Amino acid sequence: MKIHFADIGAVRNKPDEVMIFLVGADKRLSTAAQAADKRVGGALSRAVKSGRFSAKRGQVANVVAAAGVLLIGTGETKALDFQSLENLGGALIPHLNAAGVKSATLVVEDIKGTKISLPEAAARIGYGALLRSYRFDKYHTKMEDDQKPTLQALTIALSNAKVAQAPFSELEKVAEGVFFTRDLVNEPANVINPETLAEETRKLSKLGVEVEVLGEPEMYKLGLGALLGVGQGSSKESQLVIMRWNGGGKGKAPVAFVGKGVTFDTGGISIKPAAGMEEMKWDMGGAGVVIGLMKALAGRKAKVNVVGVAGLVENMPGGNAQRPGDVVKSYSGQTIEVLNTDAEGRLVLADALWYTEKHFKPKMIIDLATLTGAIIVALGTSRAGLFSNDDRLAEQLFRVGKEIGEEVWRLPLAEVYDKQINSDIADMQNIGKEREAGSITAAQFLQRFIEKGTPWAHLDIAGVAWAKKDSDTVPKGATAWGVRLLNQLVKEYYEGR
Ligand code: BES
Ligand code: MN
Ligand code: ZN
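Definitions and cut-offs
- Residues numbered from 1 in each chain as written.
- Chains lettered and ligands numbered in written order.
- Predicted model: local features only at pLDDT ≥ 70, side-chain atom pairs only at ≥ 80, totals over all residues.
- Heavy atoms only, no water.
- Pairing = 2+ DSSP bridges.
- Helix = DSSP H or I, 4+ residues; strand = E, 2+ residues; numbered from the N terminus.
- Axes fitted to C-alpha atoms, helices over the stretch in contact; angles between N-to-C directions.
- Contact = heavy atoms within 4.5 Å.
- Donors = N, O, S within 2.8 Å, 3.2 Å for Na, K, Ca; no water.
- Tetrahedral: all angles 85-135°; square planar, octahedral: opposite > 155°, others 65-115°.
- Buried < 20%, exposed > 50% of the residue type's maximum accessible area, 1.4 Å probe, protein only.
- Near = heavy atom within 4 Å.
- Polar contact = N/O pair within 3.5 Å; in protein donor to acceptor, adjacent residues only side chain to side chain.
- Areas by Shrake-Rupley, 256 points an atom, 1.4 Å probe, with all protein chains shown as cover.
- 1 Å grid on protein atoms, 1.4 Å probe; cavity = no way out; pocket = protein on both sides within 12 Å on 5 of 7 lines; lining within 4 Å.
- Sits in = over half its atoms within 2 Å of the grid points.
- Nonpolar A, V, L, I, M, F, W, Y, C, P; charged D, E, K, R; others polar.
- Domains from an automatic or database assignment.
- Buried area = accessible area lost by both parts, 1.4 Å probe.
- Salt bridge = Lys/Arg side-chain N within 4 Å of Asp/Glu carboxyl O.
- Points joined across faces, edges and corners; volume = space filled by probe spheres on them.

## Focus on the sheet that holds strand 2 (residues 18-24)
What the six strands build is an open sheet, ordered 1-6-5-2-4-3; its pairing is mixed. Edge positions in the sheet fall to strand 1 (2-7) and strand 3 (60-63), since each of these pairs with one other strand and no more. The sheet shows a mean angle of 20 degrees between the axes of neighbouring strands, direction not considered. Packed on one face of the sheet, helix 6 (residues 118-132) meets strand 1, strand 2, strand 5 (103-107) and strand 6 (153-158) and runs near 170 degrees to strand 6.

Have a look at this one:
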């Protein structure tokens, strides 16, 4: 879908265009809406007066059939922030598609009482609409007409369209990163495997990202035994993808993002039950976010050095698969007793994290992983689990998460949990001695591969990587949760310093 910005004057002479107007909590029609109301014999004022329409935020009065107009409530305009404006834009999309609209113009005349400028607001509305317009329907060879999206273009009309274009262009680059992640995560595992996913990342080189891929021979030589053990039951070769964006000063330490990329997690020999196993195609969600984030940062030419690392494996049972009880040697030199082959994500990350630290000495490192079912039990699907050895970094993530609507909730790291992963025959075991606190023992495991002085945060995104229902800016399916959060974190705290 295309988003355009136009000056209000230019819009008046398109009589056939479906128009959208914002209606504040006072339910008063704006100047342009009043003019439209006259043309359609008062249909808009009748719709606004109807008892059902209170103009609360996101509420829609659909007068498309009668008057070619859609009204959307903003609630109290002074309460509008970036997030609610994005949600408004997103909320429009399904209504326009349901009404079969191909092209529509939203008029943004004023939003009284906010600190947000009109062009900024218009850009945010456009961004929200764009994010919601995402579809992954390439595998539908037939589709009922009423399922097909109709909307192709949304024009946002305001007094100074030019000024809205600049902030929107930047947001559009972020959306492109989000869409790349969503595409990769939505793809089934017969299409996206470690080899094909590594191949996809090479597309980033067009944007100036340096992409390096290590295959099994290279990793074997270096000694990434933890990661390799997970992938050894698969016919697909495990890969470590290293992506670098050098938008900052030469020689400046990069910020690093590391993602779990298990392109399918059967559980291995500790095999998962059949019901719901198909969900494990999105067990590469962490890697997907890192890849989309690199696209967003490079796309908007962020002034920062970034390294993104994705550990790509397929966790399969089979004659060559890793067995429960196997002991592997990680890249760090620490040995691991693999008591459960389904606790594979931490094994992949152990080596990916160590590689990242050893080779890049980053000033900060954040990993993302669909790591534990336990985090879904603890936090549900509205917040990711956050673990960190650094209060400042944790605070930054919390703040930015609230601001942009990808929220995190911090859980503890502590000695009592760390003890749980000591092994009888190796340096550590890959599951806790007890079932309790499963997300925390997983994070403790990762921390054993982080050097003391490195600020580090681990985001357990098992609950947020996939949506079973549509929300305003995220259609159901892969969410790309984390691309927006980390893009904004970089922008606010790490760029240009
Ligand atoms: N990929 C799963 C975690 C997961 C579960 C992600 C549900 C998304 C939805 C992970 O590899 C896993 O299997 N974890 C186990 C760990 C256990 C064996 C200690 C789990 O959570 O059950
Ligand atoms: Mn698993
Ligand atoms: Zn997994």
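## Things to note about the coordination of the zinc ion (ligand 3)
Protein coordination at the zinc ion (ligand 3) comes from Lys-260 (NZ), Asp-265 (OD), Asp-283 (OD) and Glu-344 (OE), with a distance range of 2.0 to 2.4 Å. Each of the six donor atoms around the zinc ion (ligand 3) contributes to a set of angles spanning 78 to 174 degrees, which defines the coordination as octahedral. Look at where the donors of the zinc ion (ligand 3) fall in the sequence and you get K-x4-D-x17-D-x60-E. For the pair the zinc ion (ligand 3) and the manganese ion (ligand 2), the metal-to-metal distance amounts to 3.2 Å, and Asp-265 bridges them. There is no split in this pair, since Lys-260 and Asp-265 are both buried.

## Describing the site of ligand 1
Lys-272, Asp-283, Asp-342, Glu-344 and Gly-373 are the nearest of the 17 residues found near ligand 1. Within the side chain of Asp-283, a nitrogen or oxygen atom sits 2.8 Å from a nitrogen atom of ligand 1. At 3.3 Å from a nitrogen atom of ligand 1 is found a main-chain nitrogen or oxygen belonging to Thr-370. Coverage of ligand 1 by the protein amounts to 78% of the 520 Å² it exposes when considered alone. A majority-of-atoms criterion places ligand 1 in the largest pocket. Class assignment of the residues belonging to the shell around ligand 1 gives a composition of six nonpolar, four polar and seven charged.

## Considering the pairing of strand 9 (residues 255-265)
The side chains of a regular strand alternate, residue by residue, between the two faces of the sheet. The element strand 9 is extensively covered by neighbouring structure, given that 11 of its 11 residues are classed as buried. With 10 bridges joining them, strand 9 and strand 10 (residues 305-315) adopt parallel strand pairing. Residue pairing across strands places Lys-260 opposite Gly-311, the latter belonging to strand 10. Pairing geometry for strand 9 and strand 13 (residues 364-369), over five bridges, is parallel. Each residue of the ladder has a partner; that of Phe-257, found in strand 13, is Ile-366.

## Topic: the domain arrangement of the protein chain
When cut into domains, the protein chain gives domain 1 (2-160) and domain 2 (174-493). Of note, the centres of domain 1 and domain 2, computed from C-alpha atoms alone, are 38 Å apart. Contact with domain 1, which involves 14 residues of that partner, is made by 21 residues of domain 2. Both sides of the domain 1 and domain 2 interface together cover about 1500 Å² of buried area, and 55% of this is carbon and sulfur. By the criterion of area lost to domain 2, the three top residues of domain 1 are Leu-131, Arg-132 and Tyr-134, representing 42% of everything that side buries. Taken together, domain 1 and domain 2 are joined by three salt bridges. In this structure, the salt-bridge partner of Lys-138 is Glu-187, at a minimum N-O distance of 2.4 Å. Where domain 1 packs against domain 2, one counts 10 residue pairs in polar contact (both at pLDDT 80 or more).

## Digging into the layout of surface pockets
Of the pockets and cavities examined, the largest pocket occupies roughly 1500 Å³. Surrounding the largest pocket, 50 residues form its lining, Thr-372, Ile-376, Ala-462, Gly-463 and Val-464 being those nearest its centre. Taken together, the elements giving at least two residues each to the lining of the largest pocket come down to helix 5 (82-98), strand 9, helix 13 (374-379), helix 16 (438-447) and strand 18 (466-467). Residue composition of the lining of the largest pocket, by class: 15 nonpolar, 16 polar and 19 charged. A domain split of the lining of the largest pocket shows at least three residues from each of domain 1 (2-160) and domain 2 (174-493). Here the second largest pocket defines a volume of roughly 810 Å³. Lining the second largest pocket we find 26 residues, and of these Tyr-134, Arg-135, Asp-137, Gln-147 and Pro-475 sit closest to its centre. Considering every element that reaches the lining of the second largest pocket, the biggest residue donor is helix 5, with four residues.

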